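For reference, the chains in residue letters:
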Amino acid sequence: MLSFFQDLRHGARSLRRSPGFTLATVLALAFGIGANTLLFSVVSALLLRPLPLPRAERVLSVWGRDIRGDDEQFGLSRLDSEDLRQRVKSFESFAAFDVSGVTLIAPHHDPERVEGALVSEDFFRLAGVKPLLGRVLSDEEYLLNGPKALVISHALWKQRFGSDPRVLERMVELEGQPYQVVGVMPEGFDFPREGASETVALWAPLAAQSFIRSNWDSRGTHLFTAMALLAPGATVEQADAEARAVMASLAQAHPESNSHSSVSVALLQDRLSQGSRRPALLLLGAVSLLLLIACVNVAQLLLARAMARQQEFAVRAALGAGRGALARQLLAEGSLLAIAGGVLGLLLGSWGTDALSMLLPESVRQVQAVRVDGRALLYTAGLVLAVTLLCGLAPLGTAARASLGGLLQSTRGTSASRSALRWRAVLVSTQVAFALVLLVGAGLLVRSAQRLAAVDLGYRAENVTLLRFNLPGARYTSEKMADFYQRLLEQVRARPGVESAANVTPGVATGGGISLSLELPDKPLPPSEQRGTSFRSISDGAFATLGMTLKQGRDFTPQDTRGSPQVVVVNESFARRFFPGEDVLGKRVIIGYGDDIEREVVGVVGDMRGRGLDKAAEPELYAPLNQTPWPGTTVVVRSHLPMESVAAMVKAELLQLDSQLSMHKPTTLEQNLENSVADRNFQRVLLLAFAVSAVALASLGIYGLMAYSVAQRRRELGIRLALGAMPADVVRLVMSQALRMCAVGLGVGLALSLALSQMLEGMLYGVSAMDPVTFLSVPLLLLAVVALASWLPARRASQVAPGVAMSTD
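Below: a short report on this structure. On a predicted model such as this, the values are computed, not experimentally measured, just so you know.

## Some words on helix H21 (residues 669-676)
All of the buried residues in H21 are Leu 669, Asn 672 and Leu 673. Each buried residue of H21 sits inside an arc of 100 degrees when the element is viewed along its axis, so together they form one side. Facing away from the buried surface of H21 by more than 90 degrees, the exposed residues are Glu 674 and Asn 675. Its buried side turned inward, H21 meets strand S12 (464-470), helix H18 (542-546) and strand S23 (667-668).

Written out as structure tokens, the structure reads:
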């Protein structure tokens, strides 16, 4: 150990004498280790770190799905949720919930729009978190006509009520109804976040929302997400099988609403991260390749430095230093380089988590906070250990072969140089191969993004502002809701700068419509063909405001009221799915809206990609908002005015009609569209950044190798020029060496790319994982980069005067 410390001191002095080498090596290692630490932190947050809940390893996600081939996912009805809660024995507890914006009015405060979780019984038992003040909801308060109570978050208690412990004596108004605050949850508890873009501020019973109350006993209204706590001794597979069996029995008992329905059960952590699992692992693999390329560059620097230190090694060997002593010295120097690179890389990774957290898609950020935790520290320590071995052992072969006699016989050390060049050639080929793999992956994602950008949205997203608000069901009947929406639109449309305005429920570019059951009186469907259908309630002028194309029939008008014939407009996918080859106008439908009213199809509109650009348009129904009013809607305004101006305008009109209403934060249709592809964009940009970095490192490696090779062959090249060789011949000679190494690397890289590209298949749209354009253009691009990197030192060598080159020892 004492000898090793002495070696460390000697290594530190040696590295200080070569500041350029030391800085280049440490920066290369820091870049690779920092990027790996950063990406591993993301993977740890998504896949390894448990959710901040007691018994998180037993918390399950339960969701409905369509068994008719496409396996579409949707919510559960309240009655189906209750059956699952009572009949699945593998569930210790079970809770349904819906997270949405609600209007909260507290005494002496303006109305405030907050995220509220409407929950069923067992929710707080499942969460396993005790309140900081007061209590959670009681069993009676979950009933349809039970006492009205709610629980608030620590953040809301602090911001709205000034952390007053007497808050439990307060009455607040929620959606127009008085509610008693009965508890305050501890700081940091904002569960559930699934589907929520903002922190949950309060928890109330399901019956707090008027639409849920009106559909309390409807099995065709699929609104709820559900969670369960796995019973001790049970497995996820058992719970999934039991839940499927219960849903199968419900399909037989209630074919009109459940014939197509089943259910799936998985760990909540796996469910939340399932969309990000493969991309996260893929990016971690990509950044690991980047670290390998950085390590190859470091190995080249070490080999070059070992060649320069051959005389030192030879003298050590002549004085009795054995292979072990040399290895210990090189390992000490490698340890210093690896530790310095690791510490700097850890700092870069820690700083980078803050920046990366801002860039991460909401689907990632809502699972876990990204930070450098204990797992990331252990991972970084493992990288440092591996790099230490690399730095210590890479130059060992060159050092061990050094002998004083050999150096005295040949001052140029030609044989050793050729051996080192062969190893560096292998390393460069490896760099090219890894860089090609990253470039192919990035190229496939870029090509996929191009195809995605060319998709017909079915609407025009530019210059459209979206503003959501809710009408309290306690103060607004269906007739009052319809009248309110109509008056609001008339006043907004009359404002200067507004081209058009409409109401849409739910919003657009934020997911599909509401899934409701469907019947076709004119064309009865067998139970196996029945399914839930996407439904939106919209005002007149909505299609024009959104830029959708009316293909047949007519649009809605203000005359489509509750007293007039009930009508609907369907999209082209609906017409093709349910009435192939037929004229759909005049057909009649019954939707699961709490009644059996037949509605006539009066129009066909073009498909809208509401569930995402990468998903096919689904069959969709549109009903007039005046005939099917909802307590919550989105005001859609097309205007060239800034979003803030439009929002202020609509808010003024809204408060003029009802001063107790509040609105969600405004957004634009373009922003929503960008959010819908944020995951793909993030993956593409990050992988492209890694690929560009890999090409840059590989180019530097090629350049360094060729510059070193030219320096070693300077005398030879001078002789060639003196004997009549043209400068172009020297350039070809040098470049051919680089291109041969590149060809080997390209061959290996193409084989690896073909094997690994299948991992990207689920992340691509409109592009095959074996896309010929990518597999032809990327190698040519990399070949051009290598040619340029080798041409520069080759050109320099061809311009050296033969006399000068031949006189250089």
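## Some words on the packing of helix H24 (residues 727-756) against helix H25 (residues 772-798)
Where H24 meets H25, the axes come as close as 8 Å, and the angle between the chain directions of the two elements is 150 degrees. With respect to their mutual orientation, H24 and H25 come out roughly antiparallel. Crossing angle aside, the handedness with which H24 passes H25 is right-handed. Where H24 approaches H25, its residues Pro 727, Val 730, Val 731, Val 734, Met 735, Ala 738, Leu 739, Cys 742, Leu 746, Leu 750, Ser 753 and Leu 754 are matched on the opposing element by Phe 775, Pro 779, Leu 782, Leu 783, Val 786, Ala 787, Ser 790, Trp 791, Ala 794, Arg 795, Ala 797 and Ser 798. Per-class residue counts for the contact of H24 with H25 are 20 nonpolar, three polar and one charged.

## A look at the packing of aromatic side chains
Scanning the model with the defined rule gives 13 aromatic pairs in all. Measuring from ring centre to ring centre gives 6.3 Å for Phe 535 and Trp 630, while their planes differ by 35 degrees; the resulting arrangement is tilted. In this pair, Phe 535 is assigned in strand S16 (residues 533-538) and Trp 630 in the loop between strand S21 (620-624) and strand S22 (632-639), connecting sequence segments 95 residues apart. Judged by centre distance (5.3 Å) and plane angle (85 degrees), the ring pair of Phe 543 and Tyr 622 falls under edge-to-face. Taken together, the residues Phe 543 in helix H18 and Tyr 622 in strand S21 connect sequence positions 79 residues apart. You can call Phe 543 buried: its relative accessible area is 3%.

Reading the values: the criteria
- Counting starts from 1 at the beginning of each chain's written sequence and moves along it residue by residue.
- Reporting in this predicted model follows two pLDDT cut-offs: at least 70 for local features of residues, and 80 or more for side-chain atom pairs to be given and counted; totals over whole chains, interfaces and linings ignore these cut-offs and use all residues.
- Only hydrogens and water are set aside; all other atoms, that is, all heavy atoms of the structure, feed into the side-chain values.
- Relative accessibility decides the category of a residue: with a 1.4 Å probe and only protein chains considered, values under 20% of the type maximum give buried, values over 50% give exposed, and everything between is partly exposed.
- Here a helix means four or more residues in a row that DSSP labels H or I, a strand means two or more in a row labelled E, and each is numbered from the N terminus.
- Here the arc refers to the set of directions running from the helix axis out to each C-beta atom.
- Any two residues whose heavy atoms approach within 4.5 Å at even a single point are treated as in contact.
- Geometry is summarised by axes, namely lines fitted to C-alpha atoms with helices restricted to the contacting stretch, and by angles between N-to-C directions that run from 0 to 180 degrees.
- Note on angle classes: values under 35 degrees are labelled roughly parallel, values over 145 roughly antiparallel, values of 65 to 115 roughly perpendicular, and the remainder oblique.
- Here a crossing is taken to be left-handed if its near helix is turned anticlockwise relative to the far helix by less than a right angle, and right-handed if that turn runs clockwise.
- Each residue is assigned to one class: nonpolar for Ala, Val, Leu, Ile, Met, Phe, Trp, Tyr, Cys and Pro, charged for Asp, Glu, Lys and Arg, and polar for all the others, Gly among them.
- Here a Phe, Tyr or Trp ring, Trp counted by its six-membered ring, pairs with any other such ring whose centre lies within 6.5 Å, and the pair is stacked when the planes are under 30 degrees apart, edge-to-face when over 60, and tilted otherwise.

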